[in-house]
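# Chain and residue survey
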Amino acid sequence: MSRAFREGVEKNKRIHAPIRRRSWSPVRDLQGLKSRTQTIGSEMGPFVEIPAMVRIENEHWVFERIEEGVLYNLTHKLILHDAQGEKVIGGTTDMRTAMKVAQCMAQKENRIIMIQPI
């Protein structure tokens, strides 16, 4: 048996299989994904900068999901001015809530909040 492995297989009994080379062109292969992403992006409308709702419970980060209807109902965004510049801290569905948040921030944190319509 060891002699068979040393000598190999006879030339006329060998199996010949052609090597098939695969070519991958990412632009062509991902064209469907790219067009679908662009279509969905245009249907979603312009970007509105709303920060993620995150809270910490039991030493774990909990990311809250915002329903789509809530985003459509936002009317005002709250902007905090710092030394680094402007930072959007949230959005509200009415002016009354925006005023309450701005007043609380002014009283407790001594910060000025700008209320801007969306």
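Predicted model only: the values in this text are computed from it and were never measured. (Residues numbered from 1 in each chain as written. Predicted model: local features only at pLDDT ≥ 70, side-chain atom pairs only at ≥ 80, totals over all residues. Heavy atoms only, no water.)

This part is about the overall build of the chain. Looking only at helices and strands, one finds 5 helices and 5 strands in the chain. In sequence order, the secondary structure elements of the chain are arranged as α-α-α-β-β-α-β-β-α-β. Split into buried and exposed, the 118 residues of the chain put 11% on the buried side. Partitioning the contacts of the chain with sequence separation of at least 6, the portion at a separation of at least 24 is 41%. Put simply, the chain shows about 11,200 Å² of open surface, and 55% of that area lies on carbon and sulfur atoms. (Helix = DSSP H or I, 4+ residues; strand = E, 2+ residues; numbered from the N terminus. Buried < 20%, exposed > 50% of the residue type's maximum accessible area, 1.4 Å probe, protein only. Contact = heavy atoms within 4.5 Å. Areas by Shrake-Rupley, 256 points an atom, 1.4 Å probe, with all protein chains shown as cover.)

This part covers the nonpolar core. L78, L80, A98, A102, M105 and I113 form the largest nonpolar core, which has 6 residues in total. Counting only elements with at least two residues in this core, the list comes to β3 (76-81) and α5 (95-109). When residues in this core are grouped by element, the largest group, 3 residues, is from α5. Setting aside residues no more than four positions away along its own chain, M105 makes contact with I89, N110, R111 and I113. (Core = buried A, V, L, I, M, F, W, Y, C linked by side-chain atoms within 4.5 Å.)

By the criterion of burial, β3 is predominantly enclosed, with 5 of the 6 residues buried. Here 6 bridges tie β3 to strand β4 (residues 86-92), and the two strands are oriented antiparallel to one another. Looking at β4, one finds that H76 is bridged to T92. What sits between β3 and β4 in their antiparallel hairpin is a turn of 4 residues, with G85 showing a positive phi close to 130°. Two elements, β3 and strand β5 (residues 113-117), share 5 bridges in a ladder whose sense is antiparallel. Bridge pairing in β5 links L80 to I113. (Pairing = 2+ DSSP bridges.)

This brings us to the sheet that holds β5. Taken together, 3 strands build an open sheet; the order of strands is β4-β3-β5 and the sheet is antiparallel. One side of each edge strand has no neighbouring strand; the edge strands of this open sheet are β4 and β5. Across the sheet, the mean angle from the axis of one strand to that of its neighbour is 30°, orientation sign disregarded. Across the sheet, α5 lies against β3, β4 and β5, angled at about 165° from β5, the strand it touches most. (Axes fitted to C-alpha atoms, helices over the stretch in contact; angles between N-to-C directions.)

Looking now at the environment of I112. Mapped onto the fold, I112 is located in the loop between α5 and β5. Separated by 32 residues in sequence, I112 and L80 place their C-alpha atoms 6.6 Å apart. If we skip the residues at most four places from it in the chain, I112 touches I79, L80 and H81.

Here the focus is unusual backbone geometry. The phi dihedral of N110 is positive, around 55°, even though this residue is not glycine. Summarising the element assignment, N110 is placed in the loop between α5 and β5.

What follows covers α5. Structural remark: α-helix, 3.6 residues per turn; residues separated by three or four positions point the same way. With 15 residues, α5 should cover 21 Å at 1.5 Å per step; its first-to-last C-alpha distance of 20 Å lies within 8% of that length. When α5 is considered as a whole, its buried residues turn out to be A98, A102 and M105. Down the axis of α5, the buried set is contained in an arc of 60°. They therefore lie on one face. The exposed set on the far side of α5, more than 90 degrees from its buried face, consists of R96, K100, Q107 and K108. Its buried side turned inward, α5 meets β3, β4 and β5. N110 sits one or two residues past α5 and shows a positive phi near 55°. (Expected span 1.5 Å × (residues − 1). Arc of directions from axis to C-beta.)

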